[in-house]
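What the coordinates show
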Amino acid sequence: QVQLVESGGGLVQPGGSLRLSCAASGITFSIYSMGWYRQAPGKQRELVASITGGGITNYADSVKGRFTISRDNAKNTVYLQMNSLKTEDTAGYLCNTKRLLSSGLFRNYWGQGTQVTVSS
């Protein structure tokens, strides 16, 4: 059973930093791409950053240069370091991975989410 457990959210002032963690179980972590998404009230869920099993990263334009995604395969954990936070970064942040099924379709797995609030 795939489980993703996020931690590290909280309240931070604009310009501050937070590091989110997502601990995965039930998958061969090192070969799976992992992603961080976020969803603010009234807005669509959006991809913030992703990292392949080989360490190739991808970022939303809105967070490039401020956020860094990384992974520790020994700990089955993916991280999101968020610097220079802005009020518009306020959202629930969710960890994601996808499994390729025999049908050729992907199944998404989500964590429960962790809230990030950027406010003075």
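Here the structure is shown first, and the text comes after it.
Predicted model only: the values in this text are computed from it and were never measured. (Residues numbered from 1 in each chain as written. Predicted model: local features only at pLDDT ≥ 70, side-chain atom pairs only at ≥ 80, totals over all residues. Heavy atoms only, no water.)

1. A short note on the sheet that holds strand β8 (residues 77–82)
Backbone hydrogen bonds are what pair the strands of a sheet, in a parallel or an antiparallel way. Taking strand neighbours across the sheet as the criterion, the four strands line up as β1-β3-β8-β7 in an open arrangement whose pairing is antiparallel. Of all the strands in the sheet, just β1 (3–7) and β7 (67–72) have a single pairing partner and so form its edges. Mean inter-strand twist for the sheet, computed between neighbouring axes without regard to direction, equals 15°. Sheet topology note: the β7/β8 ladder contains six bridges and is antiparallel. Each residue of the ladder has a partner; that of S70, found in β8, is Y79. (Pairing = 2+ DSSP bridges. Helix = DSSP H or I, 4+ residues; strand = E, 2+ residues; numbered from the N terminus. Axes fitted to C-alpha atoms, helices over the stretch in contact; angles between N-to-C directions.)

2. Section: the pairing of strand β10 (residues 106–110)
Where strand β9 (residues 91–100) lies against β10, five bridges are found, and the strand directions are antiparallel. Among the inter-strand pairings, K98 is bridged to a residue of β10, identified as N108. In this structure, the hairpin formed by β9 and β10 is closed by a connection of five residues, where G104 is found at a positive phi of approximately 95°.

Shape is all these values report; function is a separate question.
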